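# What the coordinates show
What follows is each chain in one-letter form.
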Protein chains: 2
Amino acid sequence: MKERYFEDLKAGDRFKSDAYKVSEEQIVSFAREFDPQPFHLDQTVARQTMFKDLIASGWHTAAITMRLFVQTLNFAEGAIGLGVDELRWPNAVKPGDELQVETEIVDLRESRSKPSHGIVRLRNVTMNQRCEVVQTMTASALVLRRSKTITR
Amino acid sequence: MKERYFEDLKAGDRFKSDAYKVSEEQIVSFAREFDPQPFHLDQTVARQTMFKDLIASGWHTAAITMRLFVQTLNFAEGAIGLGVDELRWPNAVKPGDELQVETEIVDLRESRSKPSHGIVRLRNVTMNQRCEVVQTMTASALVLRRSKTITR
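These remarks concern the structure in this document.

Rules of the game
- Within every chain, residues take consecutive numbers counted from 1 along the sequence as written.
- As they are written, the chains are lettered A onward and the ligands numbered 1 onward, keeping that order.
- With the structure being a predicted model, the display of local features is reserved for residues of pLDDT at least 70 and the display and counting of side-chain atom pairs for 80 or more, all residues being used for whole-chain, interface and lining totals.
- Each side-chain value is derived from all of the structure's non-hydrogen atoms; neither hydrogens nor water enter the calculation.
- Only residues with pLDDT of at least 70 in both copies count here: their C-alpha atoms drive the least-squares fit that superposes the copies.
- Between two residues, a contact is recorded if the distance between any of their heavy atoms is within 4.5 Å.
- Axes here mean lines fitted to C-alpha atoms, for a helix over just the part in contact, with angles spanning 0 to 180 degrees between N-to-C directions.
- The way it works is that DSSP assigns letters per residue, a run of H or I at least four long becomes a helix, a run of E at least two long becomes a strand, and they are numbered from the N terminus.
- Any angle from 65 to 115 degrees is called roughly perpendicular, while one under 35 is roughly parallel, one over 145 is roughly antiparallel, and all others are oblique.
- The residue classification treats Ala, Val, Leu, Ile, Met, Phe, Trp, Tyr, Cys and Pro as nonpolar and Asp, Glu, Lys and Arg as charged. All others, Gly included, are polar.
- Exposure classes here rest on a 1.4 Å probe applied to the protein chains alone. A residue is buried below 20% of its type maximum, exposed above 50%, and partly exposed in between.
- Two strands are said to pair when DSSP picks up at least two bridges between them.
- By buried area we mean how much accessible surface two parts lose on assembly, using a 1.4 Å probe and totalling the loss over both.
- Between Lys or Arg on one side and Asp or Glu on the other, a salt bridge is scored when a side-chain nitrogen of the former is within 4 Å of a carboxyl oxygen of the latter.

### As for the relation of the copies chain B and chain A
Its rotation angle being 180°, the transformation that places chain B on chain A also includes 0.0 Å of axial translation and leaves an RMSD of 0.0 Å. Taken together, the rotation and translation describe the operation of a two-fold axis. Closest approach to the rotation axis within chain B is made by the C-alpha atom of Asp85(B), at a distance of 2.4 Å. Interface overlap between copies: 100% of the residues of chain B at the interface are likewise at the interface in chain A, consistent with a symmetric, same-surface contact.

Structure below.
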């Protein structure tokens, strides 16, 4: 797959990732390591909580979103996350859900501190197989500029 | 360890987590699954990037922060994340780093939609063993109220 540089993007560009199926085992395994709370750990216990079902940690959803985003955009030498704003989880992710990420490029500008890179501002919306939104966020990332890779 | 309820907190309360050591194997394993970019995957490749070293995915730092936060606060029936703002990674996490989270309770209010719960707004600052800040964020979470657990 072709590698993408800063110059390959313009504001308003949209991308859609492949789908990623989340299993009960993955939800429990992530939660045991990073978010050991009852509604993420055990189906039987989770049924007695307000969710009435096992749900994935929001940080698991965020991590899956990163994977899908990285694979879809495929930036040359990678994208370096600067920060994330307005990270929200409007619906829970449950076992068997298939997640897909839609990325919209919001804004692009050159980096003053790193002239080899540009700063991309983007919005990622993660949806399940019923097109319900399970996560939204805006993020800024440093992305390599093509011109500078030739002259450096 | 005593379980904590909404009523046990007041604005200005501060908590410090235990330390969590991050190994090279953990950084690479998380990145393979969720953030497959060169500076997270391979020490040799990472040395040729702008970081000159292997670094952890920001989402790995966020997940470790959640683990330390959950273990420290130990909310009864868990804390349900509503959203996160201003998630930043001012310094990279590298193999062998020991992370610790400082939590400050910023604001508390009752939940109108879920009278059994209150909404806690908090700030989490994650530091390494040199007291360098590797992550900051503010978050809102639903936390169970003690009074309501007696009467329901």
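### Regarding the packing of helix H4 (residues 58–73) of chain A against helix H1 (residues 24–34) of chain B
Where H4(A) contacts H1(B), the two axes come as close as 8 Å, and the packing angle between them is 70°. Between H4(A) and H1(B), the angle is such that the two are roughly perpendicular. For the pair H4(A) and H1(B), contact is made by His60(A), Ala63(A), Ile64(A), Met66(A) and Arg67(A) and by Phe30(B), Arg32(B), Glu33(B) and Phe34(B), respectively. Split by residue class, the contact of H4(A) with H1(B) holds five nonpolar, one polar and three charged.

### Describing the pairing of strand E6 (residues 133–144) of chain A
Residue and element names in this part refer to chain A. Where burial is concerned, most of E6 is hidden: eleven out of the twelve residues are buried. Of the pairings in the sheet, the one linking strand E3 (residues 80–88) to E6 comprises six bridges and is antiparallel in character. Pairing of Asp85 across the sheet is with Thr138, part of E6. Bridge count between strand E5 (residues 117–127) and E6: eleven bridges; the pairing is antiparallel. Across the sheet, Thr126 pairs through a bridge with Gln135, a residue of E6. Between E5 and E6, which pair antiparallel in sequence order, lie five residues; one of them, Cys131, sits at a positive phi of approximately 60°.

### Observations regarding the interface of chain B and chain A
The interface of chain B with chain A comprises 37 residues on the first partner and 37 residues on the second. Overall, the association of chain B and chain A removes approximately 3100 Å² of surface from exposure, summing both partners, and the carbon and sulfur fraction of that is 66%. Three residues stand out in chain B for area buried against chain A, namely Phe34(B), Met50(B) and Trp59(B), and they jointly supply 22% of the buried area on that side. Linking chain B with chain A are two salt bridges, by the criterion used here.

Read these as geometric descriptors, not functional statements.
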